[in-house]
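Overview (structure and organization)
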Amino acid sequence: MDLDRIIKERRSIRKYQLKEIPQELLEEVLETALWAPSGTNKQDWELVVVRGKERDRLLEIVSKSQEYILPYLKKLFPEKIIKISLQVFKNLGGAPVVILVYIPKDVTGYERDLGDQGRYHLEFHRYNWLLSAAALTQNLLLAAYSKGLGTCWMTGPKYVEKEINELLNITDKELVSIVPIGYPDQSPPAPPRKEGVIKWVGF
Ligand SMILES: Cc1cc2nc3c(=O)[nH]c(=O)nc-3n(C[C@H](O)[C@H](O)[C@H](O)COP(=O)(O)O)c2cc1C
């Protein structure tokens, strides 16, 4: 499949088949994802891949994030869409494996009136860590899709990050993305993309 199709045809999958992912396939997807670019090539990221009993416990914890996400969804979507959106928080669509993307914990303070350079200097590391982890997450989504697997990039479960980290024994890292992965049990339509977001300069 060519890259253009992979990028455009990948969809967020919120319902998965009860089918295990072969270990080899999972490792191939992760290996490809790790070729993402990173700030100064630091590769300051960590992937935590969860299945089995820990995955079951993780799903229970994630389901608690519904109460935090609901008020936000209510502001954005009609009832029908809210129902579908919440469903994935209940059990991550039944995905057999969940991948969590972590970065080092931010150690900088946040002060006011620093000016653009001062603020950027303060945030430099976290900024680069976050963007690099986002590139890694996108690679993960695309690599999985190219191999017949579905994913959904999720940040909603950040609301229960503390409990997630306790379960996974993570003490010194910040959670960036939660990605359920498995064989899709749905083929959702493509949500439309906005137009008019490109500003051409000097053309
Ligand atoms: C940073 C980020 C956070 C997201 N968080 C969630 C989430 O918490 N729950 C969810 O169901 N989808 C989440 N999504 C998926 C988006 O809703 C989805 O990408 C968007 O609606 C476009 O649909 P598509 O991925 O099928 O093209 C997230 C996507 C991104 C990039």
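For the structure itself, look to the data block above.
Residues numbered from 1 in each chain as written. Predicted model: local features only at pLDDT ≥ 70, side-chain atom pairs only at ≥ 80, totals over all residues. Heavy atoms only, no water.

**Here we look at the overall build of the protein chain**
Along the protein chain, the regular secondary structure elements total seven helices and four strands. Ordered by position from N to C terminus, the α and β elements of the protein chain give α-α-β-α-α-α-β-α-β-α-β. Evaluated residue by residue, the protein chain yields a buried proportion of 38% over its 203 residues. Put simply, 82% of the contacts in the protein chain that link residues at least 6 apart link residues at least 24 apart. Of the roughly 13000 Å² of accessible surface on the protein chain, 54% is carried by carbon and sulfur atoms. Averaging the locations of the 29 positively and 27 negatively charged side chains of the protein chain gives two centres separated by 7 Å. (Helix = DSSP H or I, 4+ residues; strand = E, 2+ residues; numbered from the N terminus. Buried < 20%, exposed > 50% of the residue type's maximum accessible area, 1.4 Å probe, protein only. Contact = heavy atoms within 4.5 Å. Areas by Shrake-Rupley, 256 points an atom, 1.4 Å probe, with all protein chains shown as cover. Lys, Arg positive; Asp, Glu negative; His and termini not counted. Charge placed at Lys NZ, Arg CZ, Asp CG, Glu CD.)

**Here we look at unusual backbone geometry**
At Thr 40, a position not held by glycine, the phi torsion is positive, near 45°. Within the secondary structure, Thr 40 sits in the loop between α2 (23–33) and β1 (46–50). Here the phi dihedral of Leu 92 falls at roughly 50°; this positive angle occurs in a residue that is not glycine. Look at Leu 92 and you get buried, because its relative accessible area is 0%.

**Considerations on the packing of aromatic side chains**
All told, the structure shown has four aromatic pairs when counted by the stated rule. The interplanar angle of 10° and the centroid separation of 5.4 Å between the aromatic rings of Tyr 68 and Tyr 159 together place this pair among those described as stacked. Here Tyr 68 is found in helix α4 (residues 66–76), whereas its partner Tyr 159 is found in the loop between β3 (150–151) and α7 (161–167), with 91 residues between them in sequence. The partly exposed category is assigned to Tyr 68, whose relative accessible area is 41%. Both rings, one in Tyr 120 and one in Tyr 127, keep their centres 5.4 Å apart while their planes meet at 90°; by these two values the pair is edge-to-face. (Phe/Tyr/Trp six-rings, centres within 6.5 Å; stacked < 30°, edge-to-face > 60°.)

**Some remarks on the packing of helix α3 (residues 52–63) against helix α5 (residues 79–91)**
Contact geometry of α3 with α5 gives a least axis separation of 6 Å together with a crossing angle of 140°. With respect to α5, the element α3 is oriented oblique. Residues Leu 59, Val 62 and Ser 63 of α3 pack against Phe 89, Lys 90 and Asn 91 of α5. The residue makeup of the contact of α3 with α5, split by class, is three nonpolar, two polar and one charged. (Axes fitted to C-alpha atoms, helices over the stretch in contact; angles between N-to-C directions. Parallel < 35°, antiparallel > 145°, perpendicular 65-115°, else oblique. Nonpolar A, V, L, I, M, F, W, Y, C, P; charged D, E, K, R; others polar.)

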